[in-house]
Amino acid sequence: MTVQRILIVSGTHGNEINPVWAVKHFNRVGKSLIHDIKYEFIIGNPAAYEKGCRYIHVDLNRSFKESENFDQHKNSFYETKRANFLVDKFGIDGSIPCQIAIDLHTTTANMGTSIVLYGRRLKDFCLAALLQNKFGLPIYLHEKDKSQTGFLVEAWPCGLVIEIGAVAQNFYDSKIIDRFSVIIRSLREEIDKLKNNLIELPKELVVHVHQRSIDYPRDEKGDIDGLIHPERINQDWKMIKKGDPLFLDSQGITHEYEGDQFVWPVFIGEVAYKEKKIAMSYTKKEVICSNNQWVYEFESL
Ligand SMILES: [Zn+2]
């Protein structure tokens, strides 16, 4: 196993402040322990964190794309420069190369503690399976969504997002901070075990695969005209079927799910996704049989 350094990013979105606090505390306590693997902790978007906003010009967690470098306009954005800086410094070919990136986020949706994966990288599966096995965490597998690309962890050979909620933006919640601390500690334990070949993969990985996102109902002016239905709010990861309520509009009319397939909505009512015109995302449950190849891939990092 050649993992030597792991990058832990908090504050990729400047108004998600609980992981920043958790990392600060972890850094103080964790430094006294001796481990083979080094950890680098960084605030993803320090300028936005300073201001208490999600980003300055554009979403940093959509700015890790090769093509951005050829777009002069986007090149002037703070986040485009910041993404380049992070890759130049901590990327696999950077001055302080990290093999794995863990990006810590919070959500205003009732997602609990969850993992987000981007695409089907076997190394990510390995790490996610260990965490799911330990805590039973749900996993959102984001793929085939052309409107959402350029995620931070995709710029590293291995990486995942830890997403915890519900918590309001810019609001400290000690329960949420504790959950981050537990996850960071466990990640380190699991990776140490992997390094010492003490790991046995669980038989399977259960993922919720992204299908599509839906917008709120809108009036003729394009303004949102619908609340998340009282029966749907906070019901992330729960299956819905045709006829189940989604929204309640200003006329008192219930808008229902009309698809034929069962789906599992996530990020229900996430505040930050309003600007992306996403009221919730539909996922489909899939069970993936684990494979020792995942561990080999991880070891060859
Ligand atoms: Zn975030």
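Note that the structure is predicted; figures quoted are calculated from it, not measured. Counting starts from 1 at the beginning of each chain's written sequence and moves along it residue by residue. Side-chain atom pairs in this predicted model are given and counted only at pLDDT of 80 or more, local residue features only at pLDDT of at least 70, and totals for whole chains, interfaces and linings cover all residues. Excluding hydrogens and water, the side-chain values take into account all heavy atoms of the structure.

1. Concerning the nonpolar core
Next up, step 1: Ranked by internal contacts, the top residues of the largest apolar core, which has 45 residues, are Ile100, Ile102, Ile162 and Phe298.
Next up, step 2: Helix and strand definitions here come from DSSP, where helices need a minimum of 4 consecutive H or I residues and strands a minimum of 2 consecutive E residues; each element is numbered from the N-terminal end. It is helix H6 (residues 174–195) that provides the largest number of residues to this core, a total of 8 residues.
Next up, step 3: Only buried Ala, Val, Leu, Ile, Met, Phe, Trp, Tyr and Cys residues count toward a nonpolar core, and they belong to the same one when joined by side-chain atoms within 4.5 Å. Per-residue accessibility, obtained with a 1.4 Å probe over protein chains only, is compared with the maximum for each type, and a residue is labelled buried under 20%, exposed over 50%, and partly exposed between these values. Membership of the second largest hydrophobic core comes to 26 residues, among which are Ile42, Leu60, Phe64 and Met111.

2. Here we look at the coordination of the zinc ion
Next up, step 1: Only N, O and S atoms count as donors, using a 2.8 Å cut-off from the metal and 3.2 Å for Na, K and Ca, and because water is excluded some sites may appear unfinished. Note on the zinc ion: its protein donors are His13 (ND1), Glu16 (OE), Glu16 (OE) and His105 (ND1). The metal-donor distances range over 2.0 to 2.3 Å.
Next up, step 2: Under the classification used here, a metal with four donors is tetrahedral if each angle lies between 85 and 135 degrees, square planar if opposite donors are over 155 degrees apart and the others between 65 and 115, a six-donor metal meeting that same test is octahedral, and anything else is irregular. Geometry at the zinc ion is irregular, judged from the 4 donor atoms that bind it and their angles of 57 to 148 degrees at the metal.
Next up, step 3: In the primary sequence, the donor residues of the zinc ion line up as H-x2-E-x88-H. In this pair, Glu16 sits in the loop between strand E1 (5–10) and helix H1 (18–30) while His105 sits in strand E3 (residues 100–106), placing the two residues 89 residues apart along the sequence.
Next up, step 4: The buried category is assigned to His105, whose relative accessible area is 2%.

3. Thoughts on the pairing of E3
Next up, step 1: The buried fraction of E3 is high, at 7 of 7 residues.
Next up, step 2: Here E3 shows two buried faces, one formed by Ile100, Ile102, Leu104 and Thr106 and the other by Ala101, Asp103 and His105.
Next up, step 3: Pairing between strands is defined by DSSP: at least two bridges between the two strands are required. Pairing of E1 with E3 involves 4 bridges; the strand directions are parallel. Bridging across to E3, Ile8 finds its partner in Ile102.
Next up, step 4: In terms of strand pairing, E3 meets strand E6 (residues 158–165) through 7 bridges, oriented parallel. Within the sheet, the bridge partner assigned to Ile100 lies in E6 and is Cys158.

4. Re the sheet that holds E3
Next up, step 1: On the basis of which strands lie adjacent, the open sheet formed by 9 strands has the order E2-E1-E3-E6-E4-E5-E7-E12-E11 and mixed pairing. Edge strands, defined here as strands with exactly one partner in the open sheet, are strand E2 (38–43) and strand E11 (264–266). Within this sheet the neighbouring strands show an average axis-to-axis angle of 30 degrees, counted without direction.
Next up, step 2: Both E11 and strand E12 (residues 280–289) contribute to a ladder of 3 bridges, which runs antiparallel. Among the inter-strand pairings, Val266 is bridged to a residue of E12, identified as Ser281.
Next up, step 3: Of the strands in this sheet, E3, strand E4 (112–118), strand E5 (139–142), E6, strand E7 (204–214) and E12 are in contact with helix H5 (residues 122–135), which crosses E6 at around 35 degrees. Throughout, an axis means a line fitted to C-alpha atoms (over the contacting stretch in the case of helices), and angles, computed between N-to-C directions, take values from 0 to 180 degrees. It only takes one pair of heavy atoms within 4.5 Å for two residues to be counted as in contact.

5. Points about the domain arrangement of the chain
Next up, step 1: Annotation comment: domain bounds sourced from an automatic or database domain assignment. Structurally, the chain comprises domain 1 (5–207 + 289–299) and domain 2 (213–281).
Next up, step 2: Here the C-alpha centre of domain 2 lies 28 Å away from the C-alpha centre of domain 1.
Next up, step 3: Contacts between the two partners involve 16 residues from domain 1 and, on the opposite side, 15 residues from domain 2.
Next up, step 4: As a working definition, buried area equals the accessible area (1.4 Å probe) given up by two parts on being put together, with both sides summed. Counting the surface lost from both domain 1 and domain 2, the interface buries some 1300 Å², and carbon and sulfur atoms represent 54% of this.
Next up, step 5: Among the residues of domain 1 in contact with domain 2, Asn110, Met111 and Tyr140 are the three that bury the most area, contributing 35% of the side total.
Next up, step 6: Each reported salt bridge corresponds to a side-chain nitrogen of Lys or Arg within 4 Å of a carboxyl oxygen of Asp or Glu. Linking domain 1 with domain 2 are 1 salt bridge.
Next up, step 7: The residue Asp59 makes a salt bridge to Lys276 at a minimum N-O spacing of 3.0 Å.
Next up, step 8: A 3.5 Å cut-off defines polar contacts: any pair of N or O atoms within that distance qualifies, except that in protein one atom must be a possible hydrogen donor and the other a possible acceptor, and neighbouring residues in sequence count only when both atoms are side-chain atoms. Here domain 1 and domain 2 share 8 residue pairs in polar contact (both at pLDDT 80 or more) between them.
Next up, step 9: Ten residue types, Ala, Val, Leu, Ile, Met, Phe, Trp, Tyr, Cys and Pro, are classed as nonpolar, four, Asp, Glu, Lys and Arg, as charged, and the remainder, Gly among them, as polar. Here the side of domain 1 that touches domain 2 is composed, by residue class, of 6 nonpolar, 6 polar and 4 charged.

6. A look at unusual backbone geometry
Next up, step 1: The omega angle of the peptide bond from Gly165 to Ala166 is 15 degrees, so this bond is cis rather than trans.
Next up, step 2: With respect to the element layout, Ala166 can be found in the loop between E6 and H6.
Next up, step 3: The backbone of Asn234 shows a phi angle near 65 degrees, a positive value even though the residue is not glycine.
Next up, step 4: By secondary structure assignment, the location of Asn234 is in the loop between strand E8 (227–228) and strand E9 (245–248).
Next up, step 5: At Lys277, a residue that is not glycine, the phi angle is positive and equals roughly 60 degrees.
Next up, step 6: Here Lys277 lies in the loop between E11 and E12.

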